[in-house]
Amino acid sequence: MSDTMTTSVPPMDAPTDDRSLAARIVSRMPRAGWGILIFLLLFIVGGILRPSLFTLPGLISTATFAAILAIASYGQTIAVIQGGIDLSVPNTIAFSALGFLTWTATFGPAVGLVMALFSGIVIGLVNGFIIAKIGLTPIVTTIAINGLLFGLLLLSFPLSELTAVPDLVTAFTSARIEVFGISFAAVLPTALILMVVLQLILSYSGWGRSLFLVGAREDAARLAGQPVARIRITGYAASGLLAAFAGIVIVGYFSQAETTMGNTYLLGSVAAVIVGGASMFGGRGSVTGTFVGALVLGQVSTLVAVFNLGATMQNLIYGVIILAVLAAYGRDKS
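Residues numbered from 1 in each chain as written. Predicted model: local features only at pLDDT ≥ 70, side-chain atom pairs only at ≥ 80, totals over all residues. Heavy atoms only, no water.

Draft legend 1. Highlighting unusual backbone geometry. Positioned with a positive phi, Phe 180 is a non-glycine residue whose angle comes to about 55 degrees. Within the secondary structure, Phe 180 is located in the loop between strand E1 (176–179) and strand E2 (182–185). Its identity is not glycine, yet Ser 255 carries a phi of approximately 60 degrees, on the positive side. Mapped onto the elements, Ser 255 comes out in the loop between helix H12 (228–254) and helix H13 (264–275). (Helix = DSSP H or I, 4+ residues; strand = E, 2+ residues; numbered from the N terminus.)

As structure tokens, this is what we get:
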């Protein structure tokens, strides 16, 4: 009788998980995985509403736009990982692009390219020095630098258009590449190669790991002897360099440049990083996720253009996406 009445009671300290299997699967899915699912959903919905979008050329067109946005967002990813943000991206793009046009006309494309990239590094160093050494917040600092750059643009560069793009730039931007009968712009593999290189640096280099540590636990980084100020400064320098490179890519692909050319990448670069799974608290993110986020935004842009909804509606949708992601993950600091 006693044998039949005996029950097994689990130890009090045994871990329990009352969540359903679906809830556990959802909680374990990488954040970038949600971006891929959202992109596929938007791609299918777009194909249902407009069958011409549900084609390989339509997919390549969206991916090309996403590649340009991703390049403009890679530097933002580094800034966010280390616990900051870079709102000077738009006018860093414009300043470097217009500088490239001017310097190329005077010194040639190779020197112009080097000077444009160097200008991005200088802008990033200024941002980083003010934030790390003077102690101003990243939002205030980068907004101020963005405004300063716009003033310099108006004073230094007239509204310009580039009609003859140097072969040095078109080779990795607008030149057509054909693989197995599929043609696409060179900017797409450029973005993918840059993504792989940056992801390897962030994941496996000491500098990359220190960015995550500073973003997640700045006090712990100081106790561990990490040069926090230097890490932040170099992080913003990398962000400026990548924004400058994005300016060159945009000039090469669209064959034109003007003082407001970077404005669309302010909200776009932040949205791509957030949708890609980065934490606005710092310490988490990836350029791979940023590319996925750019794909989502690229599909949104495609649908907005096809249905003639306008730039205002596009920015509204971007804002809703940012709010939705922050609502889902905004309280998660781990």
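Draft legend 2. Main features of the UniProt feature "transmembrane region" (unreviewed entry) in the protein. If you check UniProt for "transmembrane region" (unreviewed entry), the listed places come out as residues 32–49, 55–75, 111–132, 139–159, 179–202, 233–253, 265–282 and 313–330 in our numbering. Counted over residues 55–75, helix gives 95% and strand 0%. Its end C-alpha atoms are 31 Å apart. Measuring from the first to the last C-alpha atom of residues 179–202 gives 30 Å, for a span that is 67% helix and 21% strand. (UniProt positions renumbered as here; feature names shortened; annotations may be inferred.)

Draft legend 3. Region of interest: the packing of aromatic side chains. Scanning the entire structure with this criterion turns up four aromatic pairs. Judged by centre distance (5.1 Å) and plane angle (35 degrees), the ring pair of Phe 43 and Phe 54 falls under tilted. Of this pair, Phe 43 sits in helix H3 (residues 31–49) while Phe 54 sits in the loop between H3 and helix H4 (56–81); the two residues are 11 residues apart in sequence, bridging distant segments of the chain. A relative accessible area of 11% means that Phe 43 is categorised as buried. (Phe/Tyr/Trp six-rings, centres within 6.5 Å; stacked < 30°, edge-to-face > 60°. Buried < 20%, exposed > 50% of the residue type's maximum accessible area, 1.4 Å probe, protein only.)

Draft legend 4. Quick look at the pattern of salt bridges. Applying the stated rule across the entire model yields two salt bridges. One salt bridge in this structure joins Glu 218 and Arg 222, with 2.7 Å as the shortest N-O distance. Of the two residues, Glu 218 and Arg 222 are both situated in helix H11 (residues 218–223); the distance of four residues between them amounts to about one turn of the helix. Glu 218 is paired through a salt bridge with Arg 232; the nearest N and O atoms lie 2.8 Å apart. Highlighted residues: Glu 218 in helix H11 and Arg 232 in helix H12, separated in sequence by 14 residues. (Salt bridge = Lys/Arg side-chain N within 4 Å of Asp/Glu carboxyl O.)

Draft legend 5. A nonpolar patch on the surface, seen in detail. On the surface, Leu 41, Val 45, Leu 49, Phe 307, Leu 309, Met 313, Leu 316 and Val 320 cluster together into a nonpolar patch covering about 710 Å² of accessible area. Looking at the nonpolar patch, the elements that each hand over two or more residues are H3 and helix H15 (310–329). As for its position among the elements, Phe 307 is in the loop between helix H14 (287–306) and H15. (Patch = residues over 30% accessible without salt bridge, like charges linked within 9 Å, V, L, I, M, F, W, Y side chains within 5 Å. Areas by Shrake-Rupley, 256 points an atom, 1.4 Å probe, with all protein chains shown as cover.)

Draft legend 6. Fine view of the pairing of E2. Note that E1 and E2 share four bridges and pair antiparallel. Of the residues in E2, the one forming a bridge with Ile 177 is Phe 184. If you look at the hairpin formed by E1 and E2, you'll find two residues sitting between the two strands, and Phe 180 has a positive phi there, around 55 degrees. (Pairing = 2+ DSSP bridges.)

Draft legend 7. Fine view of the confidence of the model for the protein. Residues with a pLDDT of 70 or more make up 86% of the protein, whose mean pLDDT is 86. Contacts for the low-pLDDT stretch residues 1–10, under 50 throughout, to residues beyond four places or in other chains number zero contacts. (pLDDT = per-residue confidence, 0-100. Contact = heavy atoms within 4.5 Å.)

Draft legend 8. Looking closely at the environment of Ile 93. Tracing the sequence through the fold places Ile 93 in helix H5 (residues 89–107). Measuring from C-alpha to C-alpha, the distance between Ile 93 and Gly 240 comes to 8.7 Å, with 147 residues separating the pair along the chain. Apart from residues no more than four positions distant in its own chain, Ile 93 is found in contact with Ala 72, Ala 243, Ala 246, Gly 247, Ile 250, Met 261, Gly 262 and Tyr 265.

Draft legend 9. Molecular detail of H4. Residue Ser 73 marks the point of greatest curvature in H4, where the axis turns by about 35 degrees. Counting buried positions along H4 yields 21 of 26 residues, so the element is predominantly enclosed. Two or three places before Gly 58, at the start of H4, stands the capping residue Thr 55, its side-chain oxygen 3.2 Å from that residue's backbone nitrogen. Of the residues one or two after H4, Gly 83 is the one with positive phi, at around 90 degrees. (Bend = angle between axes of the 7 residues up to and from the residue. Polar contact = N/O pair within 3.5 Å; in protein donor to acceptor, adjacent residues only side chain to side chain.)

Draft legend 10. A look at the packing of helix H10 (residues 206–216) against H12. One can describe the packing of H10 onto H12 by two numbers: an axis separation of 10 Å at closest approach and a directional angle of 110 degrees. Viewed along their axes, H10 and H12 adopt a mutual orientation that is roughly perpendicular. On the side of H10, the interface is formed by Trp 207, Ser 210, Leu 211 and Val 214, while H12 contributes Val 228, Ile 231, Arg 232, Thr 234, Gly 235 and Ala 238. The residue makeup of the contact of H10 with H12, split by class, is six nonpolar, three polar and one charged. (Axes fitted to C-alpha atoms, helices over the stretch in contact; angles between N-to-C directions. Parallel < 35°, antiparallel > 145°, perpendicular 65-115°, else oblique. Nonpolar A, V, L, I, M, F, W, Y, C, P; charged D, E, K, R; others polar.)

Draft legend 11. Structural view of the nonpolar core. By size, the foremost hydrophobic cluster in this structure holds 78 residues, and its most contacted members are Ile 71, Tyr 74, Ile 93, Phe 100, Met 261 and Phe 291. The dominant element in this core, judged by the number of residues it contributes, is H4, at 12 residues. Setting aside residues no more than four positions away along its own chain, Ile 71 makes contact with Val 187, Thr 190, Ala 191, Leu 194, Leu 242, Phe 245, Ala 246 and Val 249. (Core = buried A, V, L, I, M, F, W, Y, C linked by side-chain atoms within 4.5 Å.)

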